[in-house]
Amino acid sequence: MPETRNFKHLLVTGGCGFIGSNFVRSVLEWRPGVRITNLDALTYSGNLENLADIEGHERYTFIKGDITDGGLVQTLLADCDAVVNFAAESHVDRSIQDASPFITSNVLGTQVLLQACRNTWGDDGKAGRFLQVGTDEVYGSLPIDKPEELFTESTPLDPSSPYSASKAAADMLAMAFHRTFGMDVLVTRCSNNYGPYQFPEKVIPLFVTNLMQGEQVPLYGDGKNVRDWLHVVDHCEAILSVLEGGRPGEVYNIGGNNERSNLDLTHAILDIMGKGKEMIRPVADRLGHDRRYAIDASKMKAELGWQPTRSAWPKGLADTIGWYQDNTEWWQRVRSGAYRDYYEKMYGAASS
Ligand code: NAD
Ligand code: TDX
């Protein structure tokens with residue numbers, strides 16, 4: 001096992017989103033000595049309510065601001081010894097509608113953060129560590145008829161969507177700062193997450209909240225596309241183990257070993273919620289829709305001893321559906337306002 005590092009003060013970016021908020025809450029609980037500053041621009045998917053339960057926590061500070069603001073980032077970094085960069089535009093369908101915010105936040109934002117680290121932590125940036133939270137989508141698409149094929153850390157990058165292309169650029173910039181300046185940079189690449197506080201544009205909370213409102217669920221294409229589902233808190237634990245124990249300049253793939261076709265996922269949701277198959281509305285396929293993602297996470301297990309423990313299927317899914325059923329006010333607020341316009345543009349019908 002590599003040497004374990006202890007950090008005192010993390011700058012978490014994008015901590016008001018789905019994964020970031022779960023990470024902030026979990027780390028405050030798991031690491032009683034660690035302080036967290038959360039820098040978030042509060043875009044459409046950033047929500048202060050996601051961390052309402054830790055507002056006022058003595059080891060937590062929230063700063064509203066953009067990762068492309070280098071001066072602000074540098075000021076915050078002066079007292080921090082690590083960055084965990086979650087801040088990003090994260091939805092593939094939105095990147096198909098308009099790629100430009102993806103380039104600004106995901107590419108430019110990552111470069112500004114990396115440069116601010118060098119400006120603050122010395123030319124080689126070695127006074128701190130930078131973890132870039134990446135995605136398996138950068139590897140492109142696997143066939144569904146070759147289950148033995150998996151993404152490893154050495155699979156060539158071959159992104160399909162503007163979203164995944166922007167994330168690939170961010171990963172490459174992070175690695176370039178390691179190779180060129182010797183910065184202590186690591187990249188994680190994770191499969192599809194599910195769990196509490198996910199914005200209901202992503203398939204699981206979209207389908208669950210549609211069904212709770214008596215609406216059908218829009219299934220793209222033939223429904224045979226496959227995703228590898230991981231519970232968000234397993235992802236947070238994996239990120240923390242890479243931050244504390246990973247080797248500089250390395251990529252770590254994180255996955256749930258839990259491949260499901262969208263049709264199987266939809267049927268599981270319908271079963272758990274006691275709904276029938278007539279609630280499925282087949283719709284046109286997503287442009288450039290990747291057929292299958294599947295992660296080989298053996299490096300995480302071999303080097304860091306990490307394995308998912310919360311992703312058992314369908315229990316993890318049922319618990320997650322239970323969370324949305326118990327938190328109707330949260331998602332009803334999220335689904336109001338600008339969300340309705342997004343929904344109508346995407347699915348051609350107003351969300352009730
Ligand atoms: P999300 O959309 O729920 O949250 C993104 C957060 O980043 C929001 O709080 C938003 O306000 C903030 N943000 C966006 N642009 C910003 C900017 N320029 N400056 C400051 N804050 C900004 O996304 P998520 O699902 O929590 O994903 C978080 C990260 O994890 C992303 O980098 C994403 O690519 C990656 N990832 C997500 C998944 C998944 O299944 N959701 C899987 C693998 C990797
Ligand atoms: O309405 C829908 N109908 C549908 O069939 C939506 C929104 C999705 N889908 C399908 C498309 C995908 O095959 O469900 C699958 C999952 O879709 P998303 O939830 O949009 O996730 P995906 O595109 O796989 O990307 C997610 O995982 C990797 C996250 O959004 C990314 O941020 C992450 O990097």
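Shown above is the structure to which this text applies.
Computed from a prediction, not measured in an experiment: that's the story for all the values here.

**Q** Describe the site of ligand 1, naming the residues involved and giving the relevant values.
**A** Taken together, 28 residues lie near ligand 1, and Asp40, Ser45, Ser90, Tyr163 and Lys167 sit nearest. Contact distances for ligand 1 include 3.1 Å between a nitrogen atom and a backbone N or O atom of Ala41. Ile67 is positioned such that a nitrogen or oxygen atom in its backbone is 3.0 Å from a nitrogen atom of ligand 1. Protein contact buries 97% of the 840 Å² of open area that ligand 1 shows by itself. With three residues, the top contributor of residues to the shell around ligand 1 is strand β5 (residues 129–135).

**Q** Kindly report on the sheet that holds strand β7 (residues 192–194), identifying the contributing residues and their values.
**A** A sheet is described by the order of its strands in space; here three strands give the open sequence β7-β9-β11, paired in mixed fashion. Single-partner strands in this sheet number two, and they are β7 and β11 (259–261). With strand direction ignored, the average angle separating the axes of adjacent strands in the sheet is 50 degrees. Bridge analysis of β7 against strand β9 (residues 226–231) gives three bridges, and the strand direction is parallel. Residue pairing across strands places Tyr194 opposite His231, the latter belonging to β9. Strands β9 and β11 of the sheet are contacted by helix α8 (residues 262–272), whose axis makes an angle of about 85 degrees with β11.

**Q** Quick rundown of the site of ligand 2? Include the residues and the values.
**A** Surrounding ligand 2, one finds 23 residues, the nearest of these being Thr135, Glu137, Tyr163, Arg286 and His289. Between an oxygen atom of ligand 2 and a side-chain N or O atom of Thr135, the distance comes to 2.7 Å. Expressed as a share of its isolated accessible area of 660 Å², the protein-covered part of ligand 2 is 95%. Every element with two or more residues in the shell around ligand 2 is listed here: α3 (92–97), α6 (203–212) and β8 (217–220). Looking at the shell around ligand 2 residue by residue, the classes come out as 10 nonpolar, seven polar and six charged.

**Q** Can you lay out the sheet that holds strand β3 (residues 60–64) for me, pointing to particular residues and giving the numbers?
**A** Pairing is parallel in the open sheet, where seven strands are placed in the order β3-β2-β1-β4-β5-β6-β10. The open sheet has two edge strands, β3 and β10 (251–254), and neither has a second partner. Across the sheet, the mean angle separating the axes of adjacent strands is 20 degrees when strand polarity is ignored. The pairing of strand β4 (residues 82–85) with β5 spans four bridges and is classified as parallel. Its bridge partner lying in β5, Asn85 is registered against Gln132. Contacts between helix α7 (residues 232–245) and the sheet are confined to β1 (9–13), β4, β5, β6 (185–190) and β10, with β5 contributing the most and set at about 145 degrees to the helix.

Procedures and definitions
- Within any chain, residue numbers begin from 1 and follow the written order of that chain's sequence.
- As a convention, the first chain written is A and the first ligand written is 1, with the rest following in written order.
- Reporting of local features is limited, given that this is a predicted model, to residues whose pLDDT is at least 70; pairs of side-chain atoms are given and counted only at 80 or more, and all residues count toward the totals for whole chains, interfaces and linings.
- Side-chain numbers here rest on the full set of heavy atoms in the structure, without hydrogens or water.
- A single heavy atom is enough: if one lies within 4 Å of a molecule or strand, its residue is considered near that molecule or strand.
- Between N or O atoms, a polar contact is any pair within 3.5 Å; within protein, one atom must be a potential hydrogen donor and the other a potential acceptor, and residues adjacent in sequence are included only when both atoms are from side chains.
- Reported accessibility uses the Shrake-Rupley method at a 1.4 Å probe radius. Residues are deemed covered only where the shown protein chains occlude them.
- Each helix is a run of DSSP H or I of at least 4 residues and each strand a run of E of at least 2, with the numbering of both proceeding from the N terminus.
- Following DSSP output, two strands are said to pair if at least two bridges run between them.
- All axes are obtained by fitting lines to C-alpha atoms, using only the stretch in contact for helices, and the reported angles, taken between N-to-C directions, cover 0 to 180 degrees.
- For this analysis, residues touch if any pair of their heavy atoms sits within 4.5 Å.
- In this count, Pro and Cys sit with the nonpolar residues alongside Ala, Val, Leu, Ile, Met, Phe, Trp and Tyr, while Asp, Glu, Lys and Arg are called charged and the others, Gly among them, polar.

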